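# Architecture and fold: a report
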Amino acid sequence: MAEVKRYLRGDTVRVEADSTDSSDVPATPSSITVSIYDPNGAQVVSEATMTVTSTTGTYYYLFASSATALTGFWTARVTSTVSTVTGRQTAKFEIYAET
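Being a predicted model, the structure only gives us computed values, none of them experimental. (Residues numbered from 1 in each chain as written. Predicted model: local features only at pLDDT ≥ 70, side-chain atom pairs only at ≥ 80, totals over all residues. Heavy atoms only, no water.)

## Some words on the nonpolar core
- In this structure, Val15, Val34, Ile36, Met50, Tyr61, Phe63 and Phe93 are the most contacted members of the largest nonpolar core, which totals 19 residues.
- At the level of elements, strand E2 (12–18), strand E3 (31–37), strand E4 (43–49), strand E6 (58–64), strand E7 (72–82) and strand E8 (85–96) are the ones that each hand at least two residues to this core.
- Ignoring sequence-local partners within four residues, the contact set of phenylalanine 63 consists of Asp11, Thr12, Val13, Ile36, Val44, Val45, Trp74, Phe93 and Ile95. (Core = buried A, V, L, I, M, F, W, Y, C linked by side-chain atoms within 4.5 Å. Buried < 20%, exposed > 50% of the residue type's maximum accessible area, 1.4 Å probe, protein only. Helix = DSSP H or I, 4+ residues; strand = E, 2+ residues; numbered from the N terminus. Contact = heavy atoms within 4.5 Å.)

Here is the structure:
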């Protein structure tokens, strides 16, 4: 099980995703987007385009959480399309308040 990254309210969250073809080889998708949901399930980012890194098939999105963001576990859902195949990835991250 992947470790859940933790961020303090107001931090910038880096959502990362890999894109591969049907042979599991890193590939450049025709589209790759991310949607982010708060702990209550409300969508706060809708299909934002991700940015390519210097490595083929690796992408990221920077989400600036607010100083008043809900605390708890947030969900990032990434959708990418390579050729005619659409892939989906889901990741969790935690936003917490300073005590």
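Moving on from the model shown.
## Let's talk about unusual backbone geometry
- Phi is positive for glutamate 47, close to 45°, though the residue is something other than glycine.
- Structurally, glutamate 47 is set in strand E4.
- Note on glutamate 47: relative accessible area 56%, which makes it exposed.
- The phi dihedral of serine 83 falls on the positive side, at around 55°, and the residue is not glycine.
- Structurally, serine 83 can be placed in the loop between E7 and E8.

## Describing the side chain of serine 80
- Tracing the sequence through the fold places serine 80 in strand E7.
- Look at serine 80 and you get buried, because its relative accessible area is 8%.
- Sequence-distant contacts of serine 80, that is, excluding residues within four places in its chain, are made with Ser19, Pro29, Ser31, Ile32, Val85, Thr86 and Gly87.

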